[in-house]
Each structure stands twice: as C-alpha cells, then as structure tokens.
Amino acid sequence: MDTTITDTQKPFSLDPYHVSEEFGFILPAPLMPLLNTQLLESHRELRLAHLALGVMTMGYVWQEGEDDTVKMLPRNLAIPYCEVSQRLGLPPILTHADAILANWRKRDPQGLFDMENLELLVTLPGGDSVRGFFMVTLLVELAAVPAIKSIPLVINGVQCGDAETVTRALEEFSQAIQGMTDALKLMHVYVKPEVFYGIMRIYLSGWKDNSSMPAGLVYEGVQAEPMEYSGGSAAQSSLLHCFDELLGVKHEAMSGAFLTRMRNYMPPSHKRLIQDISLQPSLRGFVQQQACEPLTAAFQLCVTKLLALRNYHINVVSLFIIVPAARARQLRNQGNISQEETVSRAPRALEEKGTGGSDIMSFLKTVRDRTRDVFNLK
C-alpha cells in the first residue's frame, strides 16, 4: 500500500479541532475578559444587562449560604455591573425593577398577559415557586395600571377644581387596587411557603442591615472599601409610593426613612414621578374643601382598598415568612436540621427581617396604621 502523501493531500493535524498537543482537549489559558458595556446602547439593553449581572451576583454571593459568604465580587463581574448600574442610576444589586419589572416574556407574543403565557428571562434556585413569586408580583404591577393612568386625571382635576372628574378617576383608582389584591391572592396557588422561605429568600438578600455580611461587599476594581446595598423588597415598587403621595399617607419617622431609602433602588424616572406627585396640590385637602359626598365616598373607598391590600400583604408575609421562621427555630432547638425540611435551610439572619433589611412585621403594621389615619378628613 502506498502511504506517500500527495501534493493534494494535507498532513492530518489536530489543529483544526481545537485540540492542543500540550493540553489535549483542555482549553489552554482560558480568557477572562471584562465585558464591554459600551456596546449596550438602549435603555432596554441596559436593563437586561442589569438583570443578568444581578442574578449572577446573587448566585455568586449566596451560593454557599449565610455561613460562608464571599467578601469580594470579582472584577470581571463587579466592574461591568457597576458601569451598567451607573448608566441606569440603579445600585449594583438585584432590585425589584430587575427581578420583577424587567424579567418576563410572553410564550405566545399574541397571547394573554397571564400566568399560563408568561415565563422568566432568568431565574434563581427554587423551581416553580420562583416563577410563581416573580410572575404573581408582576401581575400585581399589571393590575395597578388603571390606577397609574388615573393619577394625572386626579391631579389635573384637583388643579382645575373639577370634583366630578376627580371622583370618576378615584373610582377607577379604587377598582385597580382591588385588582392588585386579587392578583396577590395567586401567591397561595403558585408559591410554596417552605420553598420561598427555605430556598429563595437568601438569593433576594442584600449586604446592608444583614448580620451575615456586616461589612458589606467589596466590588473588586471599583473601590477598595466594602459597599452596602439592601436586597430586593416590595418597598422598592413605585406603586404604593405613588399611591401614598397621592392620597396623603404620612409615615412615621423610621418607616418613612426606610421607604425613602428604597426609592434609591428604583429607576430614576420612577423616583422622579413619586417626587413630582408629592409636589402637587393636596388631594386630601381638595376633598375636605369640596365637601362633596360622591367625591368623599370615592376618596374613602380608595383608602379602604389600600388598607385592605396592606392587611392582605401582612397575611401573606405571615404565611410565607413568620410561620416558616417559627418552624425553622423549632427544628434548630430540637437539633433536627434535616435537608428534608426545606425551611431548616433558611438563613437565620433573615428570620425577623425582610430581604430589604426592615424589621418586617413591625414595619408593615406601622405602614398599615398610618394608612388608616388618612380616613380622618376633619
């Protein structure tokens, strides 16, 4: 047999197959380049990048649980994350604006905006309960759209002294808040409390007011000192901030300070909307001045619906946080830390706190009580 290589034949080589003579199938010297954020141009591209980098950061920080957290975010993640955050005016941590507002797509683009047709762009540990938690919260935001659209009608009506227009707008407003409460009830259908408490919550936690990371987190290549940021929280939703400013809900000092700080975790344009609503003529004062029975009734119904929403939220928090926390403490006291008991895997640092760092039940009840104070129109 003639084994001579002809002019038209090439010697067989491993080079075209990305196989190294020194390392075999191992990739020699893998690159770790910094992501180039300058290629991101639109607001939507930046929001997607912030979401993806946020989920990666949460996974990296909390992958080993609360007892073995990292102290430094690697520069390959920290630098592009902080660059994107600066351009958006958002902090470099996963926020409500990321995980809820920018983390969805329709399976069928022409289909309904409902649980069956929605899916997440990126997810966290927790299986179907993660999708359930994020999607139900998204549906609460969607249910609020008629209330958001009513805000300019209310403000313009007050400025023009048009009680009839304000009354109609407030009626739409109260119906929307009822829709939010109805949407929130789906949490019981799509989210398992033990999974939310035992698996999911830690990945929504931050490094401010958290005893697991008392010094915060160093963002390598950004600054040498640790930085502190709160985790995701319902208080980062712009909805209730807008509603409180419109209806004249005044919060007590500690709760108010926490809520004000949470506005720094919102897109700047949303934060500006809240601020601008607060500068408008007082709706509550207008209702008092007009002494118009339909207007007063419409205003009172809005407050009633908002109070009911906050009461229902307290019940949800009790079921998904307070009850599982009690079970986790019981298991620890009994020395029964079992992987079969999902709640036993929950971080101890969050037992009495929200992922945003607040003393959760005290905060929610105080906010609820201040909402009730608005009823007094005298």
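Worth saying up front: this structure is predicted, and the values here are computed from it rather than measured.

Q: For this particular structure, what's the right way to read the UniProt feature "binding site: heme b" (unreviewed entry) in the protein?
A: Feature annotation in UniProt assigns "binding site: heme b" (unreviewed entry) to the following positions: H313. Here H313 falls in the partly exposed class, since its relative accessible area comes to 26%. In this structure, H313 is in contact with L184, A234 and L364, ignoring residues within four places of it in sequence.

Q: I'm lost on the packing of aromatic side chains in this one. Help?
A: Centre distance and the angle of the planes are the two values used to describe a pair of aromatic rings. Overall, the coordinates contain eight aromatic pairs when judged by the stated rule. With 4.9 Å between their ring centres and 40 degrees between their planes, F133 and F196 make a pair best called tilted. A residue pair is termed long-range when its members are at least 10 positions apart, and F133 in helix α4 (residues 128–143) and F196 in helix α8 (residues 193–200) qualify at 63 residues. Considering the side-chain rings of F258 and F363, the 5.1 Å spacing of their centres and the 75 degrees angle between planes classify their relative orientation as edge-to-face.

Q: How should I be thinking about the packing of α8 against helix α13 (residues 293–333) in this particular structure?
A: The packing of two helices is summarised by the inter-axis angle and the distance between the axes. Where α8 contacts α13, the two axes come as close as 9 Å, and the packing angle between them is 70 degrees. One element, α8, and the other, α13, form an angle in the roughly perpendicular class. Counted together, P193, F196 and Y197 of α8 and L319, F320, I321, P324, A325 and A328 of α13 form the full contact between these two elements.

Q: Help me understand the environment of P214, please; the structure alone is not making it clear to me.
A: Tracing the backbone through its elements, the reader meets P214 in the loop between α8 and β4 (218–219). Taking the C-alpha atoms as reference, P214 lies 8.8 Å from E228; in sequence the two are 14 residues apart.

The rules behind these values
- Residues numbered from 1 in each chain as written.
- Predicted model: local features only at pLDDT ≥ 70, side-chain atom pairs only at ≥ 80, totals over all residues.
- Heavy atoms only, no water.
- UniProt positions renumbered as here; feature names shortened; annotations may be inferred.
- Buried < 20%, exposed > 50% of the residue type's maximum accessible area, 1.4 Å probe, protein only.
- Contact = heavy atoms within 4.5 Å.
- Phe/Tyr/Trp six-rings, centres within 6.5 Å; stacked < 30°, edge-to-face > 60°.
- Helix = DSSP H or I, 4+ residues; strand = E, 2+ residues; numbered from the N terminus.
- Axes fitted to C-alpha atoms, helices over the stretch in contact; angles between N-to-C directions.
- Parallel < 35°, antiparallel > 145°, perpendicular 65-115°, else oblique.

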